[in-house]
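So the chains spell out like this:
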Amino acid sequence: MRKFALVALSCIAASAASAGDCKLSKNHTAAVESGQTRRVVVSAGAGDLIIRGEANRAGVEASGRACASSQKLLDQITIEAHREGDTVYVKSVLPSAVLDGIRYAQLDLRVFVPEGALLTVEDSSGDLQLSNVQAASVSDSSGDQDIRNIGGNLEVVDSSGDVRIEGVRGALKIRDNSGDLIADDVKGDAEVSLDSAGDIVFKRIGGGVRILSDSSGDITISDVQRDVTIDEDSSGAIRVEGVGGNFSVGSDGSGGICWQRVAGQVQIPKQ
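Model, not experiment: these values are computed from the prediction.

What counts, and at which threshold
Residues numbered from 1 in each chain as written. Predicted model: local features only at pLDDT ≥ 70, side-chain atom pairs only at ≥ 80, totals over all residues. Heavy atoms only, no water. Helix = DSSP H or I, 4+ residues; strand = E, 2+ residues; numbered from the N terminus. Buried < 20%, exposed > 50% of the residue type's maximum accessible area, 1.4 Å probe, protein only. Areas by Shrake-Rupley, 256 points an atom, 1.4 Å probe, with all protein chains shown as cover. Lys, Arg positive; Asp, Glu negative; His and termini not counted. Charge placed at Lys NZ, Arg CZ, Asp CG, Glu CD. Core = buried A, V, L, I, M, F, W, Y, C linked by side-chain atoms within 4.5 Å. Contact = heavy atoms within 4.5 Å. Disulfide = S-S within 2.5 Å. Patch = residues over 30% accessible without salt bridge, like charges linked within 9 Å, V, L, I, M, F, W, Y side chains within 5 Å. Salt bridge = Lys/Arg side-chain N within 4 Å of Asp/Glu carboxyl O. Pairing = 2+ DSSP bridges.

Description of the overall build of the chain
Here's step 1: In terms of regular secondary structure, the chain is built from one helix and 25 strands.
Here's step 2: Dimensions of the chain along its principal axes, counting C-alpha atoms only, are 65 × 45 × 25 Å.
Here's step 3: The buried share of the chain, reckoned over its 271 residues, is 48%.
Here's step 4: Split by element, the accessible area of the chain, about 12,200 Å² in all, is 44% carbon and sulfur.
Here's step 5: A gap of 3 Å separates the mean positions of the 27 positive and 39 negative side-chain charges of the chain.

Quick look at the nonpolar core
Here's step 1: Leu-119, Leu-154, Ile-165, Phe-202 and Phe-247 are the most contacted members of the largest nonpolar core, which has 64 residues in total.
Here's step 2: Looking at this core, the element that brings in the most residues is strand β8 (residues 105-114), giving five residues.
Here's step 3: For Phe-247, the contacting residues outside a window of four places in its chain are Val-228, Ile-230, Ile-238, Val-240, Ile-257, Trp-259, Val-262, Gln-265, Val-266, Gln-267 and Ile-268.

Looking at the state of the cysteines
Here's step 1: Within this structure, the stated rule accounts for one disulfide.
Here's step 2: Covalent S-S linkage joins Cys-22 and Cys-67, the inter-sulfur distance amounting to 2.1 Å. Between Cys-22 and Cys-67 the sulfur-sulfur dihedral comes to about -90 degrees; the bridge is accordingly left-handed. Taken together, the residues span a long stretch of sequence, with Cys-22 in the loop between β1 (10-12) and β2 (24-32) and Cys-67 in strand β5 (residues 60-68) at a distance of 45 residues.
Here's step 3: A relative accessible area of 3% means that Cys-67 is categorised as buried.

Some remarks on the environment of Leu-24
Here's step 1: Mapped onto the elements, Leu-24 comes out in strand β2.
Here's step 2: By relative accessible area, which is 26% here, Leu-24 ends up partly exposed.
Here's step 3: A C-alpha to C-alpha distance of 9.5 Å links Leu-24 and Leu-73, two positions 49 residues apart in sequence.
Here's step 4: Those residues in contact with Leu-24 that sit more than four places away from it in its chain are Ala-66, Cys-67, Ala-68, Ser-70, Gln-71 and Leu-74.

Things to note about the side chain of Ser-125
Here's step 1: Structurally, Ser-125 is set in strand β9 (residues 118-125).
Here's step 2: Look at Ser-125 and you get buried, because its relative accessible area is 16%.
Here's step 3: Among all residues touching Ser-125, those that are not within four sequence positions of it are Gly-45, Ala-46, Gly-47 and Ser-142.

Some words on a negative patch on the surface
Here's step 1: On the surface, a cluster of negative charge is made up of Asp-48, Asp-127, Asp-144 and Asp-162.
Here's step 2: Mapped onto the elements of the fold, Asp-144 is located in the loop between β11 (135-140) and β12 (145-150).
Here's step 3: Residue classification places Asp-144 among the partly exposed positions, given a relative accessible area of 36%.

Some thoughts on the pairing of strand β18 (residues 200-205)
Here's step 1: The pairing of strand β16 (residues 181-186) with β18 spans five bridges and is classified as parallel. In the sheet register, Leu-181 faces β18, and the bridge partner there is Ile-200.
Here's step 2: Pairing geometry for β18 and strand β20 (residues 219-224), over five bridges, is parallel. Its bridge partner lying in β20, Phe-202 is registered against Ile-221.

Brief notes about the pattern of salt bridges
Here's step 1: Inspection of every chain in the model, using the stated rule, returns 10 salt bridges.
Here's step 2: A salt bridge links Arg-57 to Glu-61; the shortest N-O distance between them is 3.4 Å.
Here's step 3: For the salt bridge of Arg-239 with Asp-218, the shortest nitrogen-to-oxygen distance reads 3.7 Å. Here Asp-218 lies in the loop between β19 (209-211) and β20 and Arg-239 lies in strand β22 (residues 238-243), a separation of 21 residues in the sequence.
Here's step 4: Members of the salt-bridge network, linked through shared partners, are Glu-54, Arg-57 and Glu-61.

Quick word on unusual backbone geometry
Here's step 1: Although it is not a glycine, Arg-204 sits at a positive phi angle of roughly 60 degrees.
Here's step 2: With respect to the helices and strands, Arg-204 occurs in strand β18.
Here's step 3: The class of Arg-204 is partly exposed, set by a relative accessible area of 40%.

A few points about the pairing of strand β7 (residues 87-93)
Residues in a regular strand project their side chains so that they alternate between the two faces of the sheet.
Here's step 1: Looking at chain direction, strand β3 (residues 39-46) and β7 are connected through five bridges and run parallel. When the bridges of β7 are listed, Ser-43 appears paired with Lys-91.
Here's step 2: One ladder, built from seven bridges, connects strand β6 (residues 78-84) with β7; its direction is antiparallel. From the neighbouring strand, Thr-78 faces β7, where its bridge partner is Val-93.

Structure, rendered in structure tokens:
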């Protein structure tokens, strides 16, 4: 993972098919074209998920390639889409049977939505790409996330997998159990309520940064306009550079704390 270099610091020591498996496959499509779309709710099961906002689009279009180990399982895979008022619901439907390494069923899903839509996403497994929407709330169980160009606020709950975020015009809130977390170019505040394992890298934050609890992994923060506050850090190095406000650490277990170019006060635990 990338590390941001900090020079002349002040420091104090301190279960789906694999990518190649697809015995049987079938393409699916679903669309909801009529009516105004303000919100889109996407529920996806096993398989990769791509959601992209498009200018001058009024409706929602979904397509996907289903893969399964048997015809019986393949026949149970489909895409459902319907409208309720100004909200469109898209769901990948997969077999409810418990699958293993021999039996598998998944659907790689692509969803195109209006650029101004508000997104609610629930994704169980597989990689996720989300871009060019107004605001989003994302809950992801496993797989990497790549989220870009969000016009408003972004909220992410992630169980496992790396998360990369770039371009959020509002505030960012994250709860992450495992995997690296990288956020670049956030106009509002950025908050991490919990990070259990993995590195945290925040860069170019227009508001402040607050990390309430970090269990393990390094924390690297640079170019923040307001305060940087780390309430609790159990292990891993903390490196901070370029803070427009104050920098404070409530408690730090191990790993050391380094800082540079902090405009306000610095408050850290005694070593």
